[in-house]
Amino acid sequence: MINYGRLAEKKAANFLRSNGYVILDGNYQTRFGEVDIIAEKDGVIAFVEVKMRNEKSIAQPKEFVDYAKQKRIAAAAAQYITAFKVNLQPRFDVIEVFCVNNEIKSFKHLENAFELL
């Protein structure tokens, strides 16, 4: 059985690479939460949440990254920064993945989607 969430994350990582990002980590898990993709570009470390929805969904994918989810991502990001002694400017992004009949059609990269640190 296909895990469409993981497939969307892999495709989103490829999308980031094609836009000049270096992927540092994926599915980084802590007891506080998880970050789908951790990427670096131009002195910025981006903690990226990937959300996939059908193009005909009544809500945008970014709307599913609520405040509680943002807090969990930020807590995991803080732990990553501390554990790996990261000296880059942190940023929280969302990549919206739009699909039709479980086939990925497009991406929308929302930089600075939220701020919590």
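Parameters at a glance
The numbering scheme is per chain: residues are counted from 1 as the chain's sequence reads. Only residues with pLDDT of 70 or above have their local features reported here, since the model is predicted, and side-chain atom pairs are shown and tallied only from 80 upward, although totals for entire chains, interfaces and linings are computed over all residues. As a rule here, side-chain values come from all non-hydrogen atoms in the structure, and water together with hydrogens is ignored. Helix and strand definitions here come from DSSP, where helices need a minimum of 4 consecutive H or I residues and strands a minimum of 2 consecutive E residues; each element is numbered from the N-terminal end. For this measure, only C-alpha atoms enter the radius of gyration; the expected value for a globule follows 2.2 Å times N^0.38, where N is the number of residues. Throughout this description, buried means an accessible area under 20% of the type-specific maximum (1.4 Å probe, protein chains only), exposed means over 50%, and partly exposed covers the range between. Residue contacts follow a heavy-atom distance rule, with two residues in contact if any of their heavy atoms lie within 4.5 Å. Working definition of accessibility: Shrake-Rupley area with a 1.4 Å probe, residue cover restricted to the visible protein chains. We score Asp and Glu as negative and Lys and Arg as positive, and we do not count His or the chain ends. For this purpose, a charge sits on NZ of Lys, CZ of Arg, CG of Asp or CD of Glu. A side-chain nitrogen of Lys or Arg and a carboxyl oxygen of Asp or Glu constitute a salt bridge if their distance falls within 4 Å. Only buried residues count toward a nonpolar core, which is a set of Ala, Val, Leu, Ile, Met, Phe, Trp, Tyr and Cys residues joined through side-chain atoms within 4.5 Å. Pairing between strands is defined by DSSP: at least two bridges between the two strands are required.

Novice: Quick question: what am I supposed to make of the overall build of the protein here?
Specialist: Helices and strands together make up the secondary structure of the protein, namely two helices and five strands. Listing the helices and strands of the protein from first to last along the sequence gives α-β-β-β-α-β-β. The C-alpha atoms of the protein give a radius of gyration of 14 Å, which matches the 13 Å a tight globule of 117 residues would have. By principal-axis analysis of the C-alpha atoms, the protein measures approximately 40 × 30 × 30 Å. Within the protein, the proportion of its 117 residues that are buried is 39%. Long-range pairs, those at least 24 residues apart, make up 54% of the contacts in the protein between residues at least 6 apart in sequence. For the protein, the exposed area adds up to about 6900 Å²; of that, 47% sits on carbon and sulfur atoms. Distance from the positive charge centre (17 side chains) to the negative charge centre (15 side chains) of the protein: 3 Å.

Novice: What exactly am I supposed to notice about the pattern of salt bridges here?
Specialist: Between side chains of opposite charge, a pair can form when the charged atoms approach closely. Under the counting rule described, the total for this entry stands at seven salt bridges. For E49, the salt bridge is made with K51, and the minimal N-O distance between the two is 3.5 Å. The two residues E49 and K51 agree in class, both being buried.

Novice: It is not clear to me how the nonpolar core should be interpreted in this structure. Could you clarify?
Specialist: Ranked by size, the top nonpolar core spans 17 residues in total, and within it I38, F47, Y80 and F92 carry the most contacts. Elements with a contribution of two residues or more to this core: β2 (34-41), β3 (44-54), α2 (67-83), β4 (89-100) and β5 (103-114). It is α2 that contributes the most residues to this core, six residues altogether. Grouped together as the second largest cluster of nonpolar side chains are 14 residues, A8, A12, Y21 and V50 included.

Novice: Would you mind going over the pairing of β2 with me for this structure?
Specialist: The side chains of a regular strand alternate, first on one face of the sheet and then on the other. Across six bridges, strand β1 (residues 22-29) lies against β2 in antiparallel orientation. Pairing of Y28 across the sheet is with V35, part of β2. Two successive antiparallel strands, β1 and β2, enclose a turn made up of four residues. What sits between β2 and β3 in their antiparallel hairpin is a turn of two residues, with D42 showing a positive phi close to 55°.

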